[in-house]
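Structural overview for review
Here is how the chains run, residue by residue.
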Amino acid sequence: MRHPEQLRRLVILSGSYAHDGWWPDVEASFSSINADMFKDSEIVKQYDSLGNDPAHFPEFVKKVMHIDLKPYDWSKEVKNIKAPLFMAIGDADGIRYEHAVALFKAMGGGKMGDIHGLPKSRLAILPGTTHIGMMYRMDWIVPMIEEFLEADLNAAPPTF
């Protein structure tokens, strides 16, 4: 049975809401990222499979990286989102754990569910997973997202 709150849920995979959400060495590397680095990668294959003109891939990379080359901070805006959030990062991701945890706490997480009840939002840190490697973990991620999207977020936590 669908619950009314199911219509308003947010999923973020390996995302940052402020430029300092990246590990400093990762952020420092952004200016050197170019299309040649992705040659024969799954990212290029996916780009091509969607009917994009392969000749425009370098332009696409520049546009994507342009976002991260300038400082940004959407902390206030993202922490004011009322929809429950599912956020996943890898344990070897470019996103700092503290960054993800801060958002999770702002969305009601960070408390013991057995005492305070389960939060509506969720955080997953996937073992042995990098930022790019997230795309290879869909067999883990998709079931978690499906469960989150279908869950009764008002359910009581399990008891003894």
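The coordinates are above.
Okay, so let's go over this structure.

1. Comments concerning unusual backbone geometry
In the Ramachandran plot, Ser-14 falls in the positive-phi region, its phi being about 55° despite a non-glycine side chain. Here Ser-14 lies in the loop between β1 (10-13) and α1 (24-29). A residue is classified by how much of its surface remains accessible, and Ser-14, at 7% relative accessible area, is buried. A positive phi angle, near 65°, is found at Asp-40, a position not held by glycine. Of note, Asp-40 is situated in the loop between α1 and α2 (42-49).

2. Some details on the pattern of salt bridges
Under the counting rule described, the total for this entry stands at four salt bridges. Between Glu-98 and Arg-96 there is a salt bridge, with its nearest N and O atoms 3.5 Å apart. Taking the relative accessible area as the measure of exposure, Arg-96 reaches 21% and is therefore partly exposed. Put simply, Glu-147 and Arg-122 hold a salt bridge, and the shortest N to O gap is 2.2 Å. Taken together, the positions of Glu-147 in helix α7 (residues 138-150) and Arg-122 in strand β3 (residues 122-130) put the pair 25 residues apart, joining distant regions of the chain.

3. Considering the side chain of Ser-16
Note that Ser-16 resides in the loop between β1 and α1. Residue classification places Ser-16 among the buried positions, given a relative accessible area of 14%. Polar side-chain contacts of Ser-16 include one of 2.4 Å to the backbone oxygen of Ala-18. Ignoring anything within four residues of it in the chain, the contact list for Ser-16 reads Gly-21, Trp-22, Tyr-72, Trp-74, Ile-95 and His-99.

4. Some words on the environment of Asp-36
With respect to the helices, strands and loops of the structure, Asp-36 is situated in the loop between α1 and α2. In this structure the C-alpha to C-alpha distance between Asp-36 and Val-61, which are 25 residues apart in sequence, comes to 9.7 Å.

5. Brief notes about the nonpolar core
Grouped together as the largest cluster of nonpolar side chains are 21 residues, with contacts concentrated most on Phe-57, Val-61, Leu-85, Met-87 and Leu-103. The set of elements that each furnish at least two residues to this core consists of α2, α3 (57-69), β2 (85-92) and α5 (97-106). Among the nonpolar cores identified, the runner-up in size contains ten residues, and Ala-124, Phe-148, Ala-151 and Leu-153 belong to it.

6. Details of the packing of aromatic side chains
What the rule picks out here adds up to eight aromatic pairs. Between the aromatic rings of Tyr-47 and Phe-57, the centroid separation amounts to 5.0 Å while the plane-to-plane angle is 70°, which identifies the pairing as edge-to-face. Of this pair, Tyr-47 sits in helix α2 while Phe-57 sits in helix α3, placing them ten residues apart in sequence. An identical accessibility class is assigned to Tyr-47 and Phe-57; each is buried. Ring geometry for Phe-86 against Phe-148: centres 5.8 Å apart, planes inclined by 40°, an arrangement best described as tilted. In this pair, Phe-86 sits in strand β2 while Phe-148 sits in helix α7, placing the two residues 62 residues apart along the sequence. A residue is classified by how much of its surface remains accessible, and Phe-86, at 3% relative accessible area, is buried. Residue Phe-148 is classed as buried on the basis of its relative accessible area of 0%. One aromatic cluster is present, formed by Phe-38, Tyr-47, Phe-57 and Phe-60 through successive ring pairs.

7. Quick look at the environment of Gly-94
In this structure, Gly-94 sits in the loop between β2 and α5. In this structure Gly-94 comes out as buried when scored by relative accessible area, which is 5%. Separated by 69 residues in sequence, Gly-94 and Asp-25 have C-alpha atoms that sit 8.8 Å apart. Apart from the residues lying within four places of it in its own chain, the contact partners of Gly-94 are Gly-21, Trp-22, Trp-23, Val-26 and His-131.

Thresholds, definitions, all that
- Residues numbered from 1 in each chain as written.
- Predicted model: local features only at pLDDT ≥ 70, side-chain atom pairs only at ≥ 80, totals over all residues.
- Heavy atoms only, no water.
- Helix = DSSP H or I, 4+ residues; strand = E, 2+ residues; numbered from the N terminus.
- Buried < 20%, exposed > 50% of the residue type's maximum accessible area, 1.4 Å probe, protein only.
- Salt bridge = Lys/Arg side-chain N within 4 Å of Asp/Glu carboxyl O.
- Polar contact = N/O pair within 3.5 Å; in protein donor to acceptor, adjacent residues only side chain to side chain.
- Contact = heavy atoms within 4.5 Å.
- Core = buried A, V, L, I, M, F, W, Y, C linked by side-chain atoms within 4.5 Å.
- Phe/Tyr/Trp six-rings, centres within 6.5 Å; stacked < 30°, edge-to-face > 60°.

Any functional reading would require information that these geometric values do not contain.
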